[in-house]
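# Structural overview
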Amino acid sequence: MDGPPILTAMQMRAAEQAAFDAGTDPYALMEKAGAGAAEIIWRTGHRRDTLVLCGPGNNGGDGFVIARLLRDRGVTVRVAALGESRTASAQRARVAWDGPVEDMLIAAGAGQVVDALFGTGLTRGLEAPVAARLCELVEGATLSHAVDLPSGVGGDDGALLSDVPRYGICVALGAFKPAHLLYPAAGQAGRLALVDLGISLPGTVRRLGSPALTMPGPDAHKYNRGLVVVIGGGMAGASQLAAVAAARSGAGAVRRLAIGGMVAEPHAIIQRRAEQGDAVARELEDERIGAVLAGPGLGLDQEAGGRLTAALGSGRPLVLDADALTWAAKDAALSVPGGSILTPHEGEFQRLFGDLRGSKVDRALAAALRVGSVVVYKGPDTVIAAPDGRARVASGGSTWLSTAGTGDVLAGLAAGRLAVTGDPFRAACEAVWLHGEAARRSGAAFIADDLLRALPAAIAARL
Ligand SMILES: NC(=O)C1=CN([C@@H]2O[C@H](COP(=O)(O)OP(=O)(O)OC[C@H]3O[C@@H](n4cnc5c(N)ncnc54)[C@H](O)[C@@H]3O)[C@@H](O)[C@H]2O)[C@H](O)CC1
Ligand SMILES: [K+]
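Residues numbered from 1 in each chain as written. Chains lettered and ligands numbered in written order. Predicted model: local features only at pLDDT ≥ 70, side-chain atom pairs only at ≥ 80, totals over all residues. Heavy atoms only, no water.

### Topic: the domain arrangement of the protein chain
Under the domain assignment used here, the protein chain contains domain 1 (2-201) and domain 2 (227-460). Once you take the C-alpha centre of each, domain 1 and domain 2 turn out to be 40 Å apart. Across the contact, seven residues belong to domain 1 and nine residues belong to domain 2. Summing both partners gives a buried area of about 640 Å² for domain 1 against domain 2, and 68% of it is carried by carbon and sulfur. Among the residues of domain 1 in contact with domain 2, Leu181, Leu182 and Tyr183 are the three that bury the most area, contributing 64% of the side total. Here domain 1 and domain 2 share one salt bridge between them. (Domains from an automatic or database assignment. Contact = heavy atoms within 4.5 Å. Buried area = accessible area lost by both parts, 1.4 Å probe. Salt bridge = Lys/Arg side-chain N within 4 Å of Asp/Glu carboxyl O.)

Below you can see the structure in the form of structure tokens.
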């Protein structure tokens, strides 16, 4: 579940400075960055005529290195700059290019365009003429690459500070930045590549990687593999989707506490009736319970509130989703026990934590700290945040997931993995990855029920 680190501009500069303090030569680091980026560009564009756009800082310095190295491979390369190079490394890279430098605002286009105008040093949107010309050059090219970041995005939060064209590839240098994975900036590159600069990086915030899952041991039985209880409500289908997802996520046994009709299929789900809070409380006295899920289809009437109160007071590990989050947002008296997993979508997050500021990662981390629980802040860029400061950012999720019931499936997966692992952060990461993988395997135009059928193969691939 641990992908590469994601660093803010300040963290990246601190990591680079630590490398310099330990003896790394700044220009050598720029040459390494440029060489890594040039290799990726060469593999994609080969000898295609190339225009490299160089900005005034070290991003531009990378661009001069890239231009020189592509020229050394026989590529016809032109460089167009935006003003003079202002840093020692960039000036050195410009001298090493030792070729003509055109004016970016009037330079002619090319089949392949490399954007080395601005990276993590961007402090505001591009001037309008610069942004307009950049868009023309990139949109007029067959192949386009953004060096470190597309120029014009807010590196730390993924905002678009001015018009930003869409690139074929964004080549991250040294580490991913939040803008590589957070929308809307994440939507401005078709593919992400990462050049490792060999400097040590803090790893508390990372891209979500694929989990290492395990088979049940020889001594496994349905209760020590993890018992999940899903609390039902008026919409039986929602809690049933969640219950089946929990069972197919690897839990040993799943009980669904129904209030109305029992759902016959699949037989593996144990259906029990518990409408009032006290009946639910009795059901949750079972010490073997590894996770309780409340929310999918729970309802917002008084009886539903009683069932939720019983879950919150049960002392069992909790996953709170959907209606449970709506209850928590409207009734401040309902306190979320620490060690839970919350799975808000954008609207639920705003209702619960709308006062928080900063990037989606910052806000997810602040929310997790506030409630002492893991927060899965869903979206095309789902952030999983733990109270201890760890966070994982998922990417590549299928947009077909925007269909009814997929949230119920994710909540069920989180409850199932929580019952299996006993670790809320690990369970949430595994659940988000399995959810995305099941969607990838389900192809196009799938419905939530299809995700359930894709889960065994998704799990098998990670054993
Ligand atoms: N630090 C290193 O050793 C390495 C950095 N790498 C590359 O460097 C950039 C970050 O470089 P930096 O000089 O800090 O900033 P930029 O090149 O991104 O920006 C240049 C410069 O532009 C000014 N500026 C900011 N906003 C605007 C604007 N809207 N219009 C005009 N000018 C603007 C600001 O003053 C900046 O100083 C990083 O992304 C990497 O590409 C290497 O990768 C490794 C070595
Ligand atoms: K750039």
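### Details of the coordination of the potassium ion (ligand 2)
Bound to the potassium ion (ligand 2) are the protein donor atoms Asn59 (OD1), Asp115 (O), Phe118 (O), Val147 (O) and Leu149 (O), situated 2.6 to 2.9 Å from the metal. Within one chain, the residues serving as donors to the potassium ion (ligand 2) are arranged as N-x55-D-x2-F-x28-V-x1-L. Overall, the relative accessible area of 1% leaves Val147 in the buried class. (Donors = N, O, S within 2.8 Å, 3.2 Å for Na, K, Ca; no water. Buried < 20%, exposed > 50% of the residue type's maximum accessible area, 1.4 Å probe, protein only.)

### Quick look at the confidence of the model for the protein chain
For the protein chain, the average pLDDT comes to 96, and 100% of its residues sit at 70 or higher. Both scores are given for the predicted complex: the pTM is 0.94, the ipTM 0.94. (pLDDT = per-residue confidence, 0-100.)

### Considerations on the sheet that holds strand β14 (residues 318-320)
Spatially, the 11 strands line up as an open sheet ordered β1-β9-β18-β17-β16-β15-β14-β13-β10-β11-β12, and their pairing is mixed. The sheet terminates laterally at β1 (2-5) and β12 (269-273), the two strands that pair on one side only. Pairing of β1 with strand β9 (residues 205-208), which is carried by two bridges, proceeds in the antiparallel orientation. Looking at the pairing, Asp2 lines up with Leu208 of β9. (Pairing = 2+ DSSP bridges. Helix = DSSP H or I, 4+ residues; strand = E, 2+ residues; numbered from the N terminus.)

### Things to note about the UniProt feature "domain: YjeF C-terminal" (unreviewed entry) in the protein chain
When the UniProt feature table is mapped onto this chain, "domain: YjeF C-terminal" (unreviewed entry) is found at residues 205-462. Between the C-alpha atoms that bound residues 205-462 the distance is 22 Å, and the span itself is 41% helix and 16% strand. (UniProt positions renumbered as here; feature names shortened; annotations may be inferred.)

### Here we look at helix α12 (residues 360-371)
Here α12 is 12 residues long and its end C-alpha atoms lie 17 Å apart, about the 16 Å a rise of 1.5 Å per residue gives. Those residues of α12 that fall on the buried side of the exposure criterion are Lys360, Val361, Arg363, Ala364, Leu365, Ala367, Ala368 and Val371. Taken together, the buried residues of α12 touch β9, α11 (346-353), β16 (374-377), β17 (383-385) and β18 (391-393). Remark: Gly372 follows α12 within two positions and exhibits a positive phi of approximately 60°. (Expected span 1.5 Å × (residues − 1).)

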